[in-house]
Amino acid sequence: MQQLGTLEDLPLHYREALSAQNLVPLWPSLRAVLPPGKPALRTRPTCWSYAALRPLLLQAGELTPIEKAERRVLVLANPGHGLEKMQASSSIYLGMQLLLPGEWAPAHKHTPNAVRMIVEGEGAYTTVDGEKCPMHRGDLILTPTGLWHEHGHDGSEPVIWLDVLDLPLVYYTEASYHVEGRAQEVRTTLAERSYARGGIVPSPVFTRGSARQYPMLRYPWAEARAALLDLAESQLQLDAVQVAYVNPETGADCQNILGFSALMLRPGETLNLPVRSPAMVFHLIEGSAEVAIDGNPFALAPADTCCAPGYTPVSLKNRSTSEPAFLFIADESPLHKKLGVYEVRP
Ligand SMILES: [Fe+2]
């Protein structure tokens, strides 16, 4: 490959003349922005231990009242991007959020899409677009772009959940902002029960489709877990026991930018994932697993979270030979597919 000229090859007076006109020569930077064969990846394989993070998050509850934090969150930041950038990958933000008994996180809406994966505690709820969504371990609750949401907690123990947002991407596109609002009136609860049976959807007076753009806002873990166990029991020849969180009316991804799925590793199973362009996040819900990213192994205990860059081989292993392991996965597939840059490499 041809070596290209550098900035230093150019006389200083010429470089200054370019700068004075807001001009930049391309060739000294061309290989950096268009590297050969594979992108330059800033996202570094990174693992966040829940055992290490949890006491620090609970300490935040003592140090900062909810009124001073609004959202009491420790961000899982990828050092490859610089911790101050607060991003796990180019497009994924991860935050571990704490809500104490009796606390209230006021209503707001924003342009980035968010989901939360409940990690521990009982008695909290999120109200999204007038729907009260109870929060239990492993439940996935959507707060898509532009929908009002707020959190409350009637229980007696701290509640912790993992927020997953496309904030870095929406911020990069200069489209990130929020609006504060008044407490919502609860209009519905457990609306996801309308879609609880496979292949059966509401069709009032022979109409199809929902008035709501996001008809399902809560995906109970009990349902996803049961679906995985049923899939594992089926005689279908499957490369992996995996289910996707989708919009039940359209079958499309449940949100526009990031994709979400749940995966079961059978006892002792090792799963080699194909090398794909999107970055991925793995969060262990139950069991004991190992994620090897480009050969670097990370042991995952329940509630541990790790991030793998795109274009990188990843293998997942169940460390138990007697119990299944269950993982929640967030990835950038919908974004890459919409942009036309999605790749699966042999
Ligand atoms: Fe929010």
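Just above, that's the structure.
Okay, so let's go over this structure. (Residues numbered from 1 in each chain as written. Predicted model: local features only at pLDDT ≥ 70, side-chain atom pairs only at ≥ 80, totals over all residues. Heavy atoms only, no water.)

### Quick word on the coordination of the iron ion
Taken together, His-108 (NE2), His-110 (NE2) and His-149 (NE2) make up the protein donors of the iron ion, found 2.1 to 2.2 Å from the metal. Counting residues between consecutive donors of the iron ion along the chain gives the motif H-x1-H-x38-H. Of this pair, His-110 sits in strand 4 (residues 104-110) while His-149 sits in strand 9 (residues 149-153), and the two are 39 residues apart along the sequence. For His-149, a relative accessible area of 2% puts it in the buried group. (Donors = N, O, S within 2.8 Å, 3.2 Å for Na, K, Ca; no water. Helix = DSSP H or I, 4+ residues; strand = E, 2+ residues; numbered from the N terminus. Buried < 20%, exposed > 50% of the residue type's maximum accessible area, 1.4 Å probe, protein only.)

### Side note on helix 6 (residues 221-233)
The end-to-end C-alpha separation of helix 6 is 18 Å, in line with the 18 Å expected for 13 residues at 1.5 Å each. Inspection of helix 6 places Trp-221, Ala-224, Leu-228 and Ala-232 among the buried residues, and these make up the whole buried set. Buried residues of helix 6 fall within an arc of 75° about the axis and therefore sit on the same side. When the buried face of helix 6 is taken as reference, the exposed residues oriented beyond 90 degrees from it are Ala-222, Asp-230 and Glu-233. Each element contacted by the buried residues of helix 6 is listed here: strand 13 (218-219), strand 14 (241-244), strand 15 (259-265), strand 18 (280-286) and strand 23 (325-331). (Expected span 1.5 Å × (residues − 1). Arc of directions from axis to C-beta. Contact = heavy atoms within 4.5 Å.)

### Side note on unusual backbone geometry
Not every positive phi belongs to a glycine, and Met-86 is a case in point at roughly 55°. Topologically, Met-86 is positioned in the loop between strand 2 (73-75) and strand 3 (93-99). On the basis of relative accessible area, Met-86 is assigned to the partly exposed category, the value being 41%. Phi angles above zero are rare outside glycine, and Val-205 is one such case at about 45°. As for its placement among the helices and strands, Val-205 is situated in the loop between strand 12 (188-189) and strand 13. Residue Val-205 is classed as exposed on the basis of its relative accessible area of 75%.

### Points about the sheet that holds strand 4
Taking strand neighbours across the sheet as the criterion, the six strands line up as 11-4-9-6-7-12 in an open arrangement whose pairing is mixed. The open sheet has two edge strands, strand 11 (178-180) and strand 12, and neither has a second partner. Of the strand pairs in this sheet, strand 6 (residues 124-128) and strand 7 (residues 131-134) are connected by four bridges, and their pairing is antiparallel. Following the sheet pairing, Thr-126 is matched in strand 7 by Cys-133. (Pairing = 2+ DSSP bridges.)

### Some remarks on the nonpolar core
Formed by 58 residues in total, the largest nonpolar core has its most connected members in Leu-94, Met-96, Leu-140, Val-164, Tyr-245 and Phe-260. Looking at this core, the element that brings in the most residues is strand 10 (residues 159-165), giving five residues. Val-291, Val-314, Ala-325 and Leu-327 belong to the second-largest nonpolar core, a separate cluster that totals 20 residues. (Core = buried A, V, L, I, M, F, W, Y, C linked by side-chain atoms within 4.5 Å.)

### Section: the packing of aromatic side chains
Summed over all chains, the structure comprises four aromatic pairs. With 5.4 Å between their ring centres and 90° between their planes, Tyr-219 and Tyr-245 make a pair best called edge-to-face. Of this pair, Tyr-219 sits in strand 13 while Tyr-245 sits in the loop between strand 14 and strand 15, and the two are 26 residues apart along the sequence. Judged by relative accessible area, Tyr-219 falls into the buried class, the value being 7%. With 6.1 Å between their ring centres and 0° between their planes, Phe-260 and Phe-328 make a pair best called stacked. Of the two residues, Phe-260 sits in strand 15 while Phe-328 sits in strand 23, which places them 68 residues apart along the sequence. Members of the aromatic cluster, joined through ring pairs, are Tyr-219, Tyr-245, Phe-260 and Phe-328. Sitting above the plane of the Tyr-342 ring, Lys-337 keeps its charged end 4.7 Å from the centroid. (Phe/Tyr/Trp six-rings, centres within 6.5 Å; stacked < 30°, edge-to-face > 60°. Lys NZ or Arg CZ within 6 Å of the ring centre and 35° of its normal.)

### A word on the side chain of Glu-192
Tracing the chain through its elements places Glu-192 in the loop between strand 12 and strand 13. Not counting chain neighbours up to four residues away, the residues in contact with Glu-192 comprise Glu-131, Met-216, Arg-218 and Pro-220.

### Structural notes on the layout of surface pockets
Over the atoms a probe the size of a water molecule is rolled, and this reveals where empty space is left. Estimates place the volume of the largest pocket at around 1500 Å³. As for the largest pocket, its lining consists of 46 residues, of which Gln-87, Ser-90, Leu-167, Pro-168 and Leu-169 are closest to the centre. Among the elements that make up the lining of the largest pocket, the one with the highest residue count is helix 5 (residues 167-172) (five residues). Here the residues of the lining of the largest pocket are counted per class, giving 23 nonpolar, 16 polar and seven charged. When its volume is computed, the second largest pocket comes out at roughly 530 Å³. Looking at the second largest pocket, it is lined by 20 residues, and the ones nearest its centre are Tyr-195, Ala-196, Met-216, Tyr-219 and Glu-223. Elements represented by at least two residues in the lining of the second largest pocket include exactly helix 6 and strand 14. Here the element with the most residues in the lining of the second largest pocket is helix 6; it accounts for three residues. Class assignment for the residues of the lining of the second largest pocket results in 14 nonpolar, two polar and four charged. (1 Å grid on protein atoms, 1.4 Å probe; cavity = no way out; pocket = protein on both sides within 12 Å on 5 of 7 lines; lining within 4 Å. Points joined across faces, edges and corners; volume = space filled by probe spheres on them. Nonpolar A, V, L, I, M, F, W, Y, C, P; charged D, E, K, R; others polar.)

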